[in-house]
Structure formats: structure tokens, C-alpha cells
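# Chain and residue survey
Listed below are the residues making up each chain.
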Amino acid sequence: MNVSAAGSDPSASAPRPASVEGGSATGLHVYRITKYNPADRNENGHYVGPEDVDSDHGPVEAAYLAAVAAFAQETGVTCLTIREPAVTGFINFGVEPPIEGHGLAGLFPPDLTGYHDGAQVPIAVALELVRAMLRDNGAWCRLEAEGRFFVHVGYDQYVHVGSALPCSHAVTFARQRGLFAEPVSRSPYDPESDGGDLARRRPADATFWGELEALISRGGAVVLEECYVRNASHWHRITTVDEVTTIRSRLTPRARLLVWPDLSTDVDAALAGLPDEGLSEIVWQSPQGHISGLTVDETHYPALRAILTDARAILVLSCHEDERQPLMAAVLPDPDGVLRARWTP
């Protein structure tokens, strides 16, 4: 996702097809749907008109949702699949502050069960996810019907829709609602633009679990991080091989799995080793056995002692990619054994 002025959406200067209808490398017709009049774009394609970059939480937002619904209806899709779901992390780039629950309250339970890669939702729920993304509430995901349809919501009220059909009626409908549905060559939020090396993905298959059990047998307890959405994790301390099967049965579909060394009971020493500056992740276990994670920087250090008063064990992880090296990493395949999640460990 990108953020900046309205004219800085990644597609603002993207090449345009010569025909009326947009095309893409995947064969879909792709449209950029916005409230920004193309007549108010400069020579670089950047919008310089009077429209705000945030949602009005009113009629314009309703027009966006109605337009997306019109494209879906003309395509003939009644449900969409959630892909690469995320919630707000330590840093938020939205123009509006995120809200408690990330805009997902009422759509999913507080523990976000059902909000995961591969989950299918009806169009009504998909539209509410689009609303949350337009408002920068904190949640973000791609919405797809594989090979037929997608909705990608960017910052600054840019929405990209792709359909297997030209959707001329939906284009007209969007314009009647005061929006501009412009054909573009592709969505800047196409998953191919993420730049991840999908070949590096390792499936959490029988071999992975066998190696994990061997690691525990040799070295003792480990911590399993279950990344069920971007910027949020469940943590599991595995002390014996016998616990592996039970934990496996509770994992979120398509989660990324990272295996870390065990927690240390020397909390003071761990805190003393925090870097002078930069982001770190603090993972700690309460007296009741619950494990939590918290991302901090040096501005949070004075308050950490109070937060961790009852911590009985702790692990400090660097947030720098070159320093964040798990013992093992994998991605959960689907029940049929196929690895469809697109993120890399």
C-alpha cells in the first residue's frame, strides 16, 4: 500500500490502453475507480483538484461501495476470497487514525477468527471490508474471485477493480454516481508487485513438523510464532514433542510459521540487552502461561518494567530483517497439501 497526496497513487501515471476497456497481464479488464476528475490531473497524471484524500463517511463513500457492488454483480460473483489480510502495525501510514478493532468489529469475532488468507466472505461482508479500508480503520486485504474478479483498495481513496468482463454497465453506473472509472493496464496492488520470492516458501508439511519435533527433542522448548495476519501473531511455547499435534490443530489456515529459541527467565538481562534505538519485539509469558508480543522502540523503554512486572519469561527479537533469523520457517498449505498463500516466511 502507498500513501501520499491524492495524485501519488501508483497508477496515476501508469500506461493506459488505447481501447475504451482496460486490460491486464492476467486478461482481466481493470479499472481505477476514484472521485478524482481526470480533468484535474497535471501533465504527470497527478491529481491537483479540490477533493480530499480521506473518506467523507457519507454519500461519496456510499458511491464507492455501490460501484464495487455493481462491478461484482455484472461479473456474476456473489462471494470473494480474502487474500494477504493485515491489520495496523507499529507504524500507520493512513490519513485517518486506525480504530480499535481495525474496522473489523461486527464482521469477525474479537480474535479475528475467519479473517485469514483464503477465507471466503459474501459480497455484503466484502463491501464492509472495502469501507474499512477506505476509512483507514486499520484492516487491509485483497479481495478476489480467482481468475474472474478482484478489488484492491489503496490509500487516498483509490480503488482498483478487475473483472473478466468489460462491465460497461458498471462503468456507466459509477459515473452516474459521480465517480470516475478509468481503464488502466493493471492494478498497482497486483500481488506480483509485492516483490516476494515465492520460490522461497517452504510448506509446513510432514517434513517440517518432523524437523521441528527433532529440534525439540535435541534442544528442548521453542517458541512458535503463528502469523495469522500481517502485523499480528499468536505465540505458542512448545516444551515437548507431545504438544506439537495439539498446537497444529489450532493453527489458522495459511498462517506463516516462525520458530524461535525458547523464552529466557532472566527478564532483567533481556531488557538490559535492548538496542539503544530502533524497533524490537518483546515476547513474554504471564504467570498464567499466556504469551504476548509487543513492538517497541527506545521511547517505550521507561514504561517496559511496569508492563512486564509479572513476566516470568521473555524473548527479545530484532525487527531488522537481516537480524531477524528464525530457527525454522514455513507456510501452512491447504488441507489438500497445496501451498496457496502468497506470502513468504
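Residues numbered from 1 in each chain as written. Predicted model: local features only at pLDDT ≥ 70, side-chain atom pairs only at ≥ 80, totals over all residues. Heavy atoms only, no water.

Adjacent strands of a sheet form backbone hydrogen bonds with each other and so pair up, either parallel or antiparallel. Pairing is antiparallel in the open sheet, where 7 strands are placed in the order 3-2-4-5-6-1-7. Each edge of the sheet is formed by a strand with only one pairing partner; in this case those strands are strand 3 (120-122) and strand 7 (180-184). Adjacent strand axes in the sheet meet at a mean angle of 30 degrees, parallel and antiparallel pairs treated alike. Bridge analysis of strand 2 (residues 79-86) against strand 4 (residues 140-145) gives 4 bridges, and the strand direction is antiparallel. Its bridge partner lying in strand 4, Ile 82 is registered against Leu 143. (Pairing = 2+ DSSP bridges. Helix = DSSP H or I, 4+ residues; strand = E, 2+ residues; numbered from the N terminus. Axes fitted to C-alpha atoms, helices over the stretch in contact; angles between N-to-C directions.)

A few words on the packing of aromatic side chains. Inspection of the entire model under this criterion finds 5 aromatic pairs. Seen from their ring centres, Tyr 36 and Tyr 158 are 5.3 Å apart, and the 40 degrees between their planes marks the pair as tilted. In this pair, Tyr 36 is assigned in the loop between strand 1 (29-34) and helix 1 (59-75) and Tyr 158 in the loop between strand 5 (149-153) and strand 6 (159-163), connecting sequence segments 122 residues apart. Neither Tyr 36 nor Tyr 158 differs from the other in exposure class; each is buried. For the pair Phe 108 and Tyr 115, a centre-to-centre distance of 5.4 Å together with 50 degrees between the ring planes defines the contact as tilted. Residues Phe 108 and Tyr 115 agree in their burial class; the two are buried. (Phe/Tyr/Trp six-rings, centres within 6.5 Å; stacked < 30°, edge-to-face > 60°. Buried < 20%, exposed > 50% of the residue type's maximum accessible area, 1.4 Å probe, protein only.)

Okay, the environment of Phe 108 next. Of note, Phe 108 is situated in the loop between strand 2 and strand 3. Once you skip the residues sitting within four places of it in the chain, Phe 108 turns out to touch Ile 82, Thr 113, Gly 114, Tyr 115, Val 121, Val 125 and Leu 129. (Contact = heavy atoms within 4.5 Å.)

A word on the nonpolar core. General note: in soluble globular proteins, nonpolar side chains tend to be found buried as a group. Counting residues in each nonpolar core, the largest one holds 47 residues, and the members touching the most others are Phe 71, Tyr 115, Leu 143 and Val 151. In contact with Tyr 115, not counting residues within four places along its chain, are Ile 82, Pro 85, Ala 86, Val 87, Leu 104, Phe 108, Leu 129, Ala 139, Trp 140, Cys 141 and Val 229. Counting 18 residues, the second largest nonpolar core, distinct from the first, contains Val 222, Ala 255, Met 328 and Ala 330. (Core = buried A, V, L, I, M, F, W, Y, C linked by side-chain atoms within 4.5 Å.)

Viewed as axis vectors pointing N to C, helix 1 and helix 2 (residues 123-134) meet at an angle of 140 degrees, and their least axial separation amounts to 10 Å. Taken together, helix 1 and helix 2 sit at an angle that is classed as oblique. Like other packed secondary-structure pairs, helix 1 and helix 2 cross with a definite hand, here right-handed. Residue-level contacts link Glu 61, Tyr 64, Leu 65, Val 68, Ala 69 and Ala 72 of helix 1 to Ile 123, Leu 127, Val 130, Arg 131 and Leu 134 of helix 2. For the contact of helix 1 with helix 2, a count of residues per class yields 9 nonpolar, no polar and 2 charged. (Parallel < 35°, antiparallel > 145°, perpendicular 65-115°, else oblique. Left-handed = near helix turned anticlockwise from the far one by under 90°. Nonpolar A, V, L, I, M, F, W, Y, C, P; charged D, E, K, R; others polar.)

Turning to the confidence of the model for the protein chain, a few remarks are in order. Across the protein chain, the average pLDDT comes to 89, with 88% of residues at or above 70. A low-confidence stretch, residues 1-5 (pLDDT under 50), is modelled with 11 contacts involving residues beyond four sequence positions or located in other chains. (pLDDT = per-residue confidence, 0-100.)

Positionally, Arg 142 belongs in strand 4. Judged by relative accessible area, Arg 142 falls into the buried class, the value being 2%. Looking at Arg 142, its side chain comes within polar contact range of the side chain of Glu 84, at 2.9 Å. A polar atom in the side chain of Arg 142 sits 2.7 Å from the backbone oxygen of Tyr 189. (Polar contact = N/O pair within 3.5 Å; in protein donor to acceptor, adjacent residues only side chain to side chain.)

All right, on to empty space enclosed by the protein then. Applying the stated criterion across every chain yields a total of 1 cavity of 30 Å³ or more. If you add up the space inside the largest cavity, you get close to 30 Å³. Residue lining of the largest cavity: 12 residues in total, with Val 53, Leu 134, Asp 136, Asp 156 and Gln 157 positioned closest to the centre. Residues belonging to the lining of the largest cavity are distributed by class as follows: 5 nonpolar, 3 polar and 4 charged. (1 Å grid on protein atoms, 1.4 Å probe; cavity = no way out; pocket = protein on both sides within 12 Å on 5 of 7 lines; lining within 4 Å. Points joined across faces, edges and corners; volume = space filled by probe spheres on them.)

For the rest of this paragraph, the subject is the packing of helix 1 against helix 3 (residues 168-176). In the contact formed by helix 1 and helix 3, the axes pass within 8 Å of each other and the chain directions differ by 170 degrees. Accordingly, the angle class assigned to the pair helix 1 and helix 3 is roughly antiparallel. Between helix 1 and helix 3 the crossing geometry is right-handed. For the pair helix 1 and helix 3, the contacting residues are Ala 66, Ala 67, Ala 70, Phe 71 and Glu 74 in the first and Ser 168, His 169, Ala 170, Val 171, Phe 173 and Ala 174 in the second. Among the residues forming the contact of helix 1 with helix 3, the class breakdown is 8 nonpolar, 2 polar and 1 charged.

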